[in-house]
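# Structural features, examined
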4 protein chains.
Amino acid sequence: MFDGFFPIRLRVRYAETDQMGVVHHSVYPVWLEVGRTALSHAAGMPYIEWENRGVYLVVAELVCRYRRPARYDDEVTVWSRVRELGSRRVVFEYRITGPAGDLLVEAETRHLAVDRASGRPTVIPPELRAPFETALTLPPVGDPAPATPRPAR
Amino acid sequence: MFDGFFPIRLRVRYAETDQMGVVHHSVYPVWLEVGRTALSHAAGMPYIEWENRGVYLVVAELVCRYRRPARYDDEVTVWSRVRELGSRRVVFEYRITGPAGDLLVEAETRHLAVDRASGRPTVIPPELRAPFETALTLPPVGDPAPATPRPAR
Amino acid sequence: MFDGFFPIRLRVRYAETDQMGVVHHSVYPVWLEVGRTALSHAAGMPYIEWENRGVYLVVAELVCRYRRPARYDDEVTVWSRVRELGSRRVVFEYRITGPAGDLLVEAETRHLAVDRASGRPTVIPPELRAPFETALTLPPVGDPAPATPRPAR
Amino acid sequence: MFDGFFPIRLRVRYAETDQMGVVHHSVYPVWLEVGRTALSHAAGMPYIEWENRGVYLVVAELVCRYRRPARYDDEVTVWSRVRELGSRRVVFEYRITGPAGDLLVEAETRHLAVDRASGRPTVIPPELRAPFETALTLPPVGDPAPATPRPAR
C-alpha cells in the first residue's frame, strides 16, 4: 500500500489495551521496533546480527502521531522503510494501518550506531550498511500475510 | 507436538528482553493470553465475542514454571488447551517451546466468568461454552505456521 | 531544578530494562504519563477526575529525544509542565534526569480532549481547565522526595 | 500489617490498566519484582549488587492468586518476605493490598542462583546470603510511606 515500505502484520494483544478500551500509546513504539526488525530480516541482515557484530543501533529520537486507535484483536500492519542512511545514523519512517487499511499512526525513529564494547558512536560497518542501502530502494510489495496464521491440520 | 494443544507462533520482540539478555518472566503471561486468544479463534468463538456478549473471563490464578529462557528474535510456539470447563470457570494449560522444540515454560491459568455489568461471577452462557467443549477434544495439529509471514511480492 | 516543572521520582524497575542493559525506549512514555498524573494531582485535579467527569485526554503526538540511558535501580526524576492550554488541547513538556541530575530525556506530548460517550473532540470544561491554568505558573520547586520511601519502623 | 513482610507503596500507572478497566494480570509480577528489590535494599544488599558480583537470581516459578483488582491511580502496597533460603535457591512470598488494606493478590516466586558467566546454577555466596537470612527475621514494620511523595516546596 505504501511504496517502498515493508509491511508486517500483528494481531493486537489484550495486554496492549488500556482502560480507554484502545491500545495504549506506549505500545506503538514497540510495534515500530517489530517493524524495523522485520525490515532488517527482509533486507537480509537481521538486527540481531548487528549486535552479534558488536554494534547497537540506539534510539536517539522518536516521533509518533496518533490518528486513530487500534483495538484488541484487530489485525494491524506496520509499514517500515529506511528514510536516511548516514555514516553513523539511520532514520526509519513508519505507517501503521488498521484492518480496513485506515491510517492509525505515522512515526519516525532516529538511531545512532554505538560500539557495544566502548558505548561510543561508531561508523556503521559496510556489511551492515549495504543491506539497508538496498532497503532504501525496495520494490513495492503487495499485501502482507495475515498476523495469526492458522496451523496446517 | 502436544496433542490436544493449539499452537501459535510468535517472534520475540526486543522490548520483551531484559538486562539478563533473555525474555523477562512477566512477558510469558502475555504470550499465554495470545495463546488462549488464538485457541478461542480456532474454536470458533473469539474471546472478543465474550466481552461483546457481556462476559469477562477474569484471571483468578496463574502458575508459570520457567525451564529455559527465550531470546530476542527467536520464534517460539505457545501451545494452549482447555483443561477444565466448569459452569463458571475455565482452566487453560500451556506449553511454550523454543525454535528447536525445546520446552521453555509450562503454565496454567484459572479463570472465572464475570458479568460485565454487575462485576459478579456468572454462569457461562451455552453459546460461549459449546466451542470450548469442542476445544477440549481438538484433534492433534501439525506444526504451526511461521510467526513472521513474508509478504507475497 | 527546572523552573515551572513539577518533579516526581521513580526507581527504575528491572522489567524496564532490555538486553542492551539499559531502560528500553518505550518505557519513557510510560514515565511521562506518571509525570503528568503527578502534575495533575499537584494542580488539585487528578486526571482520574477528568475520566470520572466524562473527558478523556487522548495522546495525539509524542516526541522523545533520548540523551543518556537510565539503568536498573537508578532513581530518576520526571519533570513535567503544561506548556500550552487550548480550548480543546493541552501540550505537556518534560525533562527526565538521572541520579546525578544529568539530562536523560527531553519530551513533549500533545493531547486532545475527547468526550467519553461520543468519542468526539470536546471543549475542556472550566473546572478541569482552571487547575492546569494554575499549573502553567507553578512556583519553582525544590528537590523531589526519594522514589522509594523507607517505612517508618 | 503482615508481620515479617517488607512493604513498599506504588501508585498504579495508567499504562498498567487494560480494557476491563483494571490492572492487567501480567503487571503484578512486575510489582512483585519491585517488592523484592525494595526488600533487598532494606536487607542491606540491593539486588543490583548480586549482578555486580556475577550472580543472577533467576525466576524458576511464579504463582499468583488474584483476589480483587487494582485500579488506575490507586496506591497499592507490595509486602515481600524471604520464605525459604536454600544453598542455591530463594523463595519469596508476597501480599499486595489496596488503598483500604484489602487483599488484592497473594503470590510466591521461586528463584535459582545462576552464575552470570557460565549460565549454570551456583551456590549463593555468603555475603549475598547473610542479608537474606536477616530478612527472614525482619521485625514487624509499620505502615509504608506514601507512593507519590510530594516535593518539599
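Here is what the cut-offs are and how they apply
- Sequence order as written defines residue numbering, which begins from 1 separately in each chain.
- Starting at A for chains and at 1 for ligands, labels are handed out in the order in which the entities are written.
- Selection of residues for local features in this predicted model requires a pLDDT of at least 70, selection of side-chain atom pairs for listing and counting requires 80 or more, and totals for whole chains, interfaces and linings are taken over all residues.
- The side-chain values count all of the structure's non-hydrogen atoms but skip hydrogen atoms and water molecules.
- Here's how the labels work: a residue is buried when its accessible area is under 20% of the maximum for its type, exposed when over 50%, partly exposed in between, all with a 1.4 Å probe on protein chains only.
- Starting at the N terminus, helices and strands are each numbered in turn, a helix being any DSSP run of H or I of at least four residues and a strand any DSSP run of E of at least two.
- Note: the arc covers the axis-to-C-beta directions of the helix.
- For this analysis, residues touch if any pair of their heavy atoms sits within 4.5 Å.
- Reported buried area values correspond to the accessible surface (1.4 Å probe) lost by two parts on association, with both partners' losses combined.
- Each salt bridge in this description consists of a side-chain nitrogen of Lys or Arg and a carboxyl oxygen of Asp or Glu lying within 4 Å of one another.
- In this analysis, rings of Phe, Tyr and Trp, with Trp reduced to its six-membered ring, are considered paired at centre separations within 6.5 Å, and the interplanar angle assigns stacked below 30 degrees, edge-to-face beyond 60, and tilted for intermediate values.
- By convention a nonpolar core is built from buried Ala, Val, Leu, Ile, Met, Phe, Trp, Tyr and Cys residues, the set being connected through side-chain atoms within 4.5 Å.
- Between any two strands, at least two bridges found by DSSP are needed for them to pair.
- With axes taken as lines fitted to C-alpha atoms, and helix axes fitted only over the stretch in contact, angles between N-to-C directions fall between 0 and 180 degrees.
- Only residues with pLDDT of at least 70 in both copies count here: their C-alpha atoms drive the least-squares fit that superposes the copies.

## Quick notes on helix H3 (residues 126-135) of chain A
Residues and elements named next belong to chain A.
- Turning to H3, its buried residues number three or more, namely Leu128, Pro131, Phe132 and Ala135. Along the axis of H3, the buried residues cluster in a sector spanning 95°; they form a single face.
- Considering only its buried residues, H3 is in contact with helix H1 (28-42), helix H2 (47-52), strand S2 (55-66), strand S3 (75-85) and strand S4 (89-97).

## Considering the interface of chain B and chain D
- Counting from both sides, the interface comprises 22 residues of chain B and, opposite them, 22 residues of chain D.
- Counting each side, the surface lost to burial between chain B and chain D is near 1900 Å², with a carbon and sulfur contribution of 56%.
- The largest per-residue losses of area from chain B upon contact with chain D belong to B:Met20, B:His25 and B:Leu62, which jointly make up 29% of the total buried on that side.
- At the surface where chain B touches chain D, the tally comes to 2 salt bridges.
- Two residues, D:Glu61 and B:Arg65, come together in a salt bridge whose shortest N-O distance is 3.7 Å.

## Describing the packing of aromatic side chains
- Counted under the stated rule, the structure contains 44 aromatic pairs over all chains.
- Geometrically, the ring pair formed by A:Tyr47 and B:Tyr72 is edge-to-face, given 6.3 Å between the ring centres and 65° between the ring planes. Note that A:Tyr47 is positioned in helix H2 and B:Tyr72 in the loop between strand S2 (55-66) and strand S3 (75-85), a pairing that runs across two chains. Exposure class is identical for A:Tyr47 and B:Tyr72. Each is buried.
- Chaining the aromatic ring pairs together yields one cluster made of A:Tyr14, A:Tyr72, B:Tyr47, B:Trp50, B:Phe92, B:Tyr94 and B:Phe132.

## Quick notes on the nonpolar core
- A:Trp31 and C:Trp31 are the most contacted members of the largest nonpolar core, which totals 87 residues.
- Core analysis: the next-biggest nonpolar cluster, separate from the first, contains 86 residues, B:Tyr47, D:Val76, D:Tyr94 and D:Leu128 among them.

## What to know about the sheet that holds strand S5 (residues 103-115) of chain A
- Read across the open sheet, the 10 strands follow the order S1(A)-S3(A)-S4(A)-S5(A)-S2(A)-S2(C)-S5(C)-S4(C)-S3(C)-S1(C); overall the sheet is antiparallel. Bordering the open sheet on either side are strand S1 (6-11) of chain A together with strand S1 (6-11) of chain C, each of which pairs with just one other strand. The mean angle between the axes of side-by-side strands here comes to 25°, regardless of whether they run parallel or antiparallel.
- Sheet topology note: the S2(A)/strand S2 (residues 55-66) of chain C ladder contains 5 bridges and is antiparallel. Bridge pairing in S2(C) places A:Arg65 opposite C:Glu61.
- Contacts from H1(A) reach S1, S2, S3, S4 and S5 of chain A, with the element oriented near 65° to S3(A).
- Where helix H1 (residues 28-42) of chain C meets the sheet, it contacts S1, S2, strand S3 (75-85), strand S4 (89-97) and strand S5 (103-115) of chain C, and its direction lies at approximately 65° from that of S3(C).

## Brief notes about the relation of the copies chain B and chain D
- Between the two copies, chain B and chain D, the superposition gives an RMSD of 0.0 Å; the rotation angle is 180° and the shift along the axis is 0.0 Å. This pairing of chains is accounted for by a two-fold axis. Minimal C-alpha distance to the rotation axis in chain B is attained by B:Val63, lying at 2.3 Å.
- Most of the interface of chain B is mirrored in chain D, where 100% of its interface residues again form contacts.

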